[in-house]
Amino acid sequence: MVSKGYSSLLGSTNVSYLNPSTVVLVGIPGLEHVQFWIGFPFFGICLVALLGNIYLLIIIPTERNLHQPMYIFLAVLAATDLGLCVAIAPKMLAIFWFDSFSMAFDVCLTQLFFIHALQGMESGILLAMAYDRYVAICDPLRHTSILTPFFLVWVTLLVAIRAMVLVGILPILLKRLKNFHSVVIVHSYCEHMAVVKLAAEDVHINKSYGLFVAFAILGFDMIFVFISYILIFQAVFRLPQKEARLKAFNTCTAHIVVFLEFYILAFFSFFSHRFGHVSPYVHILLSTIYLLVPPALNPIVYGVKTKEIRRRVTQICIIKFDSQQRYNK
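## What to know about the confidence of the model for the protein
Then, in step 1: Summing up the model confidence of the protein, the mean pLDDT is 85 and the portion of residues at 70 or higher is 88%.
Then, in step 2: When mean pLDDT is compared element by element in the protein, helix 6 (residues 149-175) scores highest at 96, while helix 1 (residues 4-11) scores lowest at 50.
Then, in step 3: Counting interchain partners and residues more than four positions distant, the pLDDT-below-50 stretch residues 1-5 has five contacts.

Rendered as C-alpha cells:
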C-alpha cells in the first residue's frame with residue numbers, strides 16, 4: 001500500500017516548492033501493488049552481485065596466475081560493481097518492502113553522483129580491458145612492457161578522475177535550481193533526468209550537460225572499444241592456423257559478453273528516458289536492470305571462462321564444506 005502522504009504529493013499539481021529539503025521516491029509507478037514482490041528478484045540479483053564480486057576481490061589478489069592486467073582491471077570492475085549495488089539496493093529495497101519513500105534532497109544528490117560516477121568508471125574500465133586485449137593479440141611481444149604496473153595504476157586513476165569530475169558537475173547544476181513543481185521522483189533511485197524533470201525553471205543547461213556527459217563517457221568509450229575489436233578481429237583472421245584463431249578469440253569472449261551486456265542495456269535505458277515513448281514502469285525496470293544485472297553477470301561470465309577462478313572458487317567451496325562437516329561431527 002502506498003502511504004497517504006505520498007498519495008497527496010502525487011495529487012498536488014499546482015504546488016511549487018522552494019529549495020526542498022526532502023524528495024519522495026515512487027519506486028515503480030503503475031506497479032506499486034506488486035513492488036513488494038518485485039523486490040525479491042532484485043534482492044536475489046544484488047546478493048549474487050555482492051557474493052560474486054567479493055569472491056573476485058578475494059581470489060584475484062591471492063592467485064598469482066591472475067596477477068595480469070586483464071584480471072587487475074577485472075578486480076577494479078568488481079569493486080565498482082560492489083559500489084553500484086551498495087549505492088542503489090538499500091534504498092530501493094526499503095521503498096519496495098518498508099514504504100520508505102522520503103529521502104533528503106542532499107542525500108539524493110549524493111546517491112545520484114555515486115551511481116553515475118560508478119557507471120562512468122565501469123565504462124572506462126571496460127575500455128581499458130579492451131585495450132589490454134588489443135595489445136595482447138596485436139602486439140603480444142610488447143604486452144608486458146606497455147601494460148606495466150605504473151600504467152595500470154595511471155589508467156585506473158584517470159578513469160576514476162574523469163568520471164568524478166564530469167559527473168560531479170551534475171549535482172552542482174541541480175543544486176543551483178531553486179523552484180520545483182514537484183518533489184516526487186518517479187523512480188526507484190535518484191537518477192539525473194528524473195530529478196531534472198522536477199524543476200520549474202529553465203533546465204536546458206542541465207539537459208545539455210547530461211547529454212554531454214553521457215556521450216563523453218559512454219559514447220567515447222564505446223567507439224574506442226569497437227575500434228579495438230575491429231583491429232583485434234583483423235589480426236585474428238590473419239592468423240594462419242584455425243586453432244590459433246580460436247585460441248586468440250577465446251581470450252576475448254568474456255570481455256565481449258560483458259561489454260555487450262553493459263552497453264546494450266545502457267543505451268536502451270538512456271534513449272528510452274530521453275527520446276522514447278515507453279511506459280514509466282518499463283523505463284524504470286530497464287534502468288534498474290541495467291545497473292544491477294551486469295554486476296551480477298560479470299563474475300559469472302569470468303568465472304565460467306577463467307580456469308584459475310573456477311579452481312579457486314571450487315577450493316573455497318570444498319574448504320567450507322569440509323569445515324561444516326567437521327563442525328557437525
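After that view, the rundown keeps rolling.
## Focus on the pattern of salt bridges
Then, in step 1: Under the criterion given, the structure shown has four salt bridges.
Then, in step 2: Of the charged contacts in the structure, one is a salt bridge between R133 and D132, with a shortest N-O distance of 2.8 Å.
Then, in step 3: Judged by its relative accessible area of 11%, R133 is buried.
Then, in step 4: Put simply, D221 and R162 hold a salt bridge, and the shortest N to O gap is 2.7 Å.

## Comments concerning the nonpolar core
Then, in step 1: One finds F73, L74, I88, F96, M129, I185 and Y302 to be the most contacted residues of the largest nonpolar core, which totals 106 residues.
Then, in step 2: Those residues in contact with I88, other than ones at most four positions away along the chain, are Q111, I115, Y189, L291 and L292.

## Structural notes on a nonpolar patch on the surface
Then, in step 1: Residues V153, L157, I161, M164 and V165 make up a contiguous nonpolar surface patch of roughly 460 Å² in combined accessible area.
Then, in step 2: By the element assignment, V165 lies in helix 6.

## A look at the side chain of T288
Then, in step 1: On the secondary structure map, T288 appears in helix 11 (residues 280-305).
Then, in step 2: Residue T288 is classed as buried on the basis of its relative accessible area of 2%.
Then, in step 3: For T288, the contacting residues outside a window of four places in its chain are F42, M92, S188 and Y189.

## Description of helix 4 (residues 105-138)
Then, in step 1: In this model, helix 4 (34 residues) spans 49 Å end to end at C-alpha, consistent with the 50 Å of a helix rising 1.5 Å per residue.
Then, in step 2: Burial analysis of helix 4 places 26 of its 34 residues in the buried class, the great majority of the element.

## Considering the packing of helix 3 (residues 69-98) against helix 4
Each pair of packed helices can be described by the angle between their axes along with the distance between the axes.
Then, in step 1: For the pair helix 3 and helix 4, the least separation of the axes is 9 Å and the interaxial angle reads 160°. Taken together, the axes of helix 3 and helix 4 are roughly antiparallel relative to one another. Once helix 3 is placed against helix 4, the crossing between them reads as left-handed.
Then, in step 2: The class makeup of the residues in the contact of helix 3 with helix 4 is 17 nonpolar, four polar and five charged.

What counts as what
- Residues numbered from 1 in each chain as written.
- Predicted model: local features only at pLDDT ≥ 70, side-chain atom pairs only at ≥ 80, totals over all residues.
- Heavy atoms only, no water.
- pLDDT = per-residue confidence, 0-100.
- Helix = DSSP H or I, 4+ residues; strand = E, 2+ residues; numbered from the N terminus.
- Contact = heavy atoms within 4.5 Å.
- Salt bridge = Lys/Arg side-chain N within 4 Å of Asp/Glu carboxyl O.
- Buried < 20%, exposed > 50% of the residue type's maximum accessible area, 1.4 Å probe, protein only.
- Core = buried A, V, L, I, M, F, W, Y, C linked by side-chain atoms within 4.5 Å.
- Patch = residues over 30% accessible without salt bridge, like charges linked within 9 Å, V, L, I, M, F, W, Y side chains within 5 Å.
- Areas by Shrake-Rupley, 256 points an atom, 1.4 Å probe, with all protein chains shown as cover.
- Expected span 1.5 Å × (residues − 1).
- Axes fitted to C-alpha atoms, helices over the stretch in contact; angles between N-to-C directions.
- Parallel < 35°, antiparallel > 145°, perpendicular 65-115°, else oblique.
- Left-handed = near helix turned anticlockwise from the far one by under 90°.
- Nonpolar A, V, L, I, M, F, W, Y, C, P; charged D, E, K, R; others polar.

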